[in-house]
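Listed below, chain by chain, are the residues.
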Amino acid sequence: MRKREHGLLPNAASLLLCGLLAGLVVAAAAFPAVAMSGLAAKAGSDTFENLPTDIDVLPSPQISYVYASDGKTLLAMMYDENRRDVKIDDVAPVMQQAMVAAEDNRFYEHRGVDVKGVARAFVANQNAGGQTEQGASTLTMQYVRQAIAYSARTPQEVVDATDKTPTRKLREMKYAIDLEKKLSKKEILERYLNIAPFGHGAYGVFAAAHVYFEKDPKDLTLPEAALIAGLVKAPGTNDPATAEGLPRALERQKYVLNQMVSMGYIDKAAADAASGVKLTIVGKRTPEGCESIQRPELGAGFFCDYMRRWWTDQKVFGEDQYQRANRLRAGGYTVISSLDIQTQTAAFRYAQDQPLVSKDQKVTLGQSNAMMLAAIQPGTGRVTALATNRNFSNDQTQNGRNTNPDKKNQKGNWPNTTVPIITGDTDIPGYQAGSAFKIFTAVAALESGLPLATTIQTEKQFVSDFIISAGSPAACNGNHYCPKNSGGQSGPYNMWTGFGSSINTFFVPLEQQVGVDHVVDVAKRMGIQFNAPEDAKLAANPKGWGAFTLGVSATTPLQLANAYGTLAADGVYCEPTPILEVKDNSGKKVDGLDPKCKQAIDPEVARAAVDMARCPVGDQSASGKCAGATAGYARDFVKRPIAGKTGTTDSEKSATFTVMTKQLAVSGFLTDPDWPETNKDMKHPPVNYAALGVLRDGLAGQPVVQFTPPTKDRSQGKLVDIPSVKCLSVDQARAKIKNAGFSVSVASGQVASQCPPGTVDRTNPAGSTVKGSSVQLVVSKGPGAPAAPYAGNNGGDNNGGGNDAVPNGDVPNDNGNCPIPWVC
């Protein structure tokens with residue numbers, strides 16, 4: 001048993017007298033006319049004896065701190081009340097003494113309730129005739145009142161904890177006496193210092209020391225401590241950071257110093273010297289939330305907001321989103337995020353300042369166009385950077401009009417917004433990514449047993465079996481979906497060359513062969529979410545969704561970066577996460593937050609897909625099969641093995657570029673988030689260089705890691721020759737192909753050729769394919785006029801695709817020379 005201070009009366013007598021006096025005091029306060037009656041005293045004694053003694057104390061709200069992945073760089077503070085508990089040994093002794101002197105100069109003498117103080121309050125209340133009230137609250141009782149209020153679970157409990165009623169006063173007394181039996185005076189003072197309000201948004205002595213003097217409580221001087229201690233009595237009116245409150249705060253400081261003299265803590269000379277010190281009051285409110293990011297030069301507000309949204313989805317932090325959000329702002333967590341300073345710095349730079357695309361020209365994006373960049377770590381799903389050319393702020397006073405004609409009377413999202421335009425949500429489903437979606441068709445084909453060497457004799461326009469509206473510009477032969485190549489290409493292509501040159505009439509027939517349902521399933525497994533209602537409806541029954549491979553479904557930079565990152569991680573899909581580690585207020589690691597990963601794609605299939613994806617970015621496949629590239633300068637820019645894909649939608653409404661190594665995947669989108677159907681052209685050079693800059697700079701100093709080559713089976717496959725059926729009848733050709741071990745289908749449309757009408761012109765694929773796979777017969781319509789020159793992208797229903805090729809003169813040729821010395 002620890003030693004106790006000896007009170008004036010034994011415990012039993014103290015309890016009895018407290019009960020009687022409490023009844024008189026509260027009755028005098030509430031019912032002055034009957035205060036002296038025996039009934040009041042008896043009621044006080046009976047009520048006091050029947051009150052509970054145990055107080056259920058919940059932790060008071062604490063600041064949560066969010067750091068970058070280095071564990072040192074503070075990004076944001078989240079709080080409802082600016083408070084951080086500290087041990088009393090980390091509080092300057094003069095601060096402890098000043099607090100006792102200010103609020104309870106008999107603190108070390110009473111046992112929770114100051115009997116003399118109760119009697120004094122009773123007499124004062126009687127003499128005042130009900131005009132004033134003294135409550136006789138000790139420091140312990142004040143702590144009890146605050147603790148009950150913070151532990152309230154319902155609004156009524158909050159009212160009961162603070163309402164000025166006889167019952168509340170009696171309950172505080174009983175709880176205070178019981179608390180003093182369980183805790184030492186030092187422990188009670190520590191709790192009080194951490195829970196008390198000090199004004200100007202500061203709760204607890206740690207916050208007060210920082211708000212008013214920008215120092216830790218252990219470093220407070222006597223005049224500073226006396227001023228802070230004096231604020232508790234009236235933290236609102238005595239606020240020294242305001243012109244009105246400063247004189248009152250200084251007057252209260254003198255009172256505290258005099259009390260410290262009378263208690264023997266200091267002498268009068270020290271008090272006089274302290275009161276003569278001119279204090280510099282900082283009065284700086286602690287920044288809170290993602291709008292008040294600690295390192296504005298990082299542009300990490302959108303990352304912070306993504307972390308906050310992610311947090312509210314984690315069941316480990318509460319039963320519902322409301323409870324989880326409250327715990328983030330009150331739980332005192334230490335969050336080590338996945339944000340990498342080096343990568344985020346690069347992302348913010350390239351989102352704000354566009355690289356030059358020629359030696360004497362700088363790209364101007366315009367106010368409506370958003371450069372959105374996301375970077376993620378393959379194999380863990382840890383998001384390392386999110387950036388855009390917007391400020392994360394709710395202040396839209398300077399924002400222009402929305403570019404969407406249907407919302408022209410509303411404010412747009414430039415230059416300030418808190419809309420999650422990079423990561424999306426149910427209200428922001430994303431943007432079309434164009435030909436970047438061809439990767440999902442390739443993966444589905446590889447899963448179906450087709451090797452990368454699978455060859456298709458492509459046409460300038462492919463007549464598919466997919467049925468669309470006959471009035472669509474993408475329709476031909478009545479209501480058949482008929483995509484074209486943006487550059488008018490035709491001829492034999494395999495997966496390497498078809499992906500490298502982004503051949504629409506290679507990937508639509510390939511998609512038709514393996515089945516759109518399979519392709520969509522691959523996209524889902526790799527993290528594409530289909531948040532747009534129309535996309536979700538089509539994805540639920542995708543068999544007729546022929547344009548899917550051309551990227552007509554909405555997605556976000558984060559989703560697409562993670563999808564490509566899944567392939568870089570040998571097919572391991574990980575849910576995106578913004579954290580490395582979370583510790584609770586006691587320093588204990590919160591369990592259940594490790595990366596959530598699964599094998600979504602067979603490793604050999606993933607490696608083959610990556611080998612193919614090296615072609616568009618100027619790298620080379622393991623077997624040297626790449627030919628043609630939509631961003632042929634990328635490999636020399638980054639100077640390490642890379643894979644990726646450009647993407648453009650109809651009429652260049654958006655431009656995307658997704659690029660990856662084994663260590664990092666980056667996706668950049670350039671579009672108008674207010675109006676994704678914009679009538680402005682989005683060009684590739686800016687977004688390509690932005691994504692490449694993030695990849696290059698984010699990996700600076702890290703070792704070069706090679707991709708794992710695909711197996712020969714996935715690359716070349718065990719191919720079987722397809723017999724020639726040139727100019728045979730359809731029945732003859734079908735029989736010949738079946739006898740060779742293939743399944744046979746007939747293409748919907750007919751093509752101009754030298755073969756007689758109704759006979760077979762060729763097969764798709766041509767030459768050879770996997771035994772047992774499907775071979776399509778392409779029927780001739782006889783000699784025809786030369787095809788009209790291609791006049792641009794098809795618009796209308798679900799055509800997609802767009803022109804991935806970079807305009808001539810805007811970027812380097814295939815020789816890889818870079819025209820931008822400071823960038824390259």
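Residues numbered from 1 in each chain as written. Predicted model: local features only at pLDDT ≥ 70, side-chain atom pairs only at ≥ 80, totals over all residues. Heavy atoms only, no water.

Across its full length, the protein holds 26 helices and 26 strands. Here the protein, with 824 residues, has 55% of them falling under the buried criterion. Residue pairs in contact within the protein that sit at least 24 positions apart in sequence constitute 73% of those at least 6 positions apart. Accessible surface computed for the protein: about 33,900 Å², of which carbon and sulfur atoms make up 50%. (Helix = DSSP H or I, 4+ residues; strand = E, 2+ residues; numbered from the N terminus. Buried < 20%, exposed > 50% of the residue type's maximum accessible area, 1.4 Å probe, protein only. Contact = heavy atoms within 4.5 Å. Areas by Shrake-Rupley, 256 points an atom, 1.4 Å probe, with all protein chains shown as cover.)

Across the eleven residues that make up helix H3 (residues 93-103), a large majority, eight, are buried. Among all positions in H3, only Met95, Gln96, Ala98, Met99, Val100, Ala101, Ala102 and Glu103 are buried. Where H3 is buried, its residues touch helix H5 (139-150), helix H8 (185-195), strand E3 (197-199), helix H9 (204-213), helix H10 (222-229) and helix H11 (245-262).

Let us now look at the environment of Met307. Turning to its location among the elements, Met307 is positioned in helix H13 (residues 301-311). Taking the relative accessible area as the measure of exposure, Met307 reaches 0% and is therefore buried. Taking C-alpha positions, Met307 is 9.6 Å from Cys290, a pair spaced 17 residues apart along the chain. Setting aside residues up to four positions removed in sequence, Met307 forms contacts with Val66, Met78, Pro578 and Ile579.

All chains considered together, the criterion is met by 32 salt bridges. Across the salt bridge formed by Arg762 and Glu459, the nearest N and O atoms sit 2.9 Å from each other. Of the two residues, Arg762 is situated in strand E24 (residues 760-764) and Glu459 in the loop between strand E11 (456-458) and strand E12 (475-476); the sequence distance between them amounts to 303 residues. As far as the burial class goes, Arg762 and Glu459 line up, both buried. (Salt bridge = Lys/Arg side-chain N within 4 Å of Asp/Glu carboxyl O.)

By the definition in use, this model includes five cavities of 30 Å³ or more. In terms of lining, the largest cavity is formed by Glu459, Phe462, Val463, Ala747, Gly749, Gln750, Val751, Asn764, Gln776 and Val778. Contributing elements (two or more residues each) for the lining of the largest cavity: strand E23 (743-751) and strand E26 (774-780). Tallying contributions element by element places E23 first for the lining of the largest cavity, with four residues. Class assignment of the residues belonging to the lining of the largest cavity gives a composition of five nonpolar, four polar and one charged. (1 Å grid on protein atoms, 1.4 Å probe; cavity = no way out; pocket = protein on both sides within 12 Å on 5 of 7 lines; lining within 4 Å. Points joined across faces, edges and corners; volume = space filled by probe spheres on them. Nonpolar A, V, L, I, M, F, W, Y, C, P; charged D, E, K, R; others polar.)

You can see Glu103 is positioned in helix H3. The buried category is assigned to Glu103, whose relative accessible area is 16%. Excluding residues that lie within four positions of it along the chain, Glu103 makes contacts with Ser137, Leu139, Gln142, Tyr192, Val232, Lys233 and Arg252.

The next thing to look at is the environment of Ala92. Tracing the backbone shows Ala92 in the loop between strand E2 (74-78) and H3. Owing to a relative accessible area of 4%, Ala92 belongs among the buried residues under this scheme.

Our focus in this paragraph is the sheet that holds strand E6 (residues 370-377). In space, the five strands of this open sheet follow the order E7-E6-E21-E20-E19, with antiparallel pairing throughout. Unpaired on one side and paired on the other, strand E7 (382-388) and strand E19 (643-648) mark the two borders of the sheet. The sheet shows a mean angle of 10° between the axes of neighbouring strands, taken without regard to direction. Here strand E20 (residues 655-660) runs beside strand E21 (residues 665-671); their pairing, made up of six bridges, is antiparallel. (Pairing = 2+ DSSP bridges. Axes fitted to C-alpha atoms, helices over the stretch in contact; angles between N-to-C directions.)

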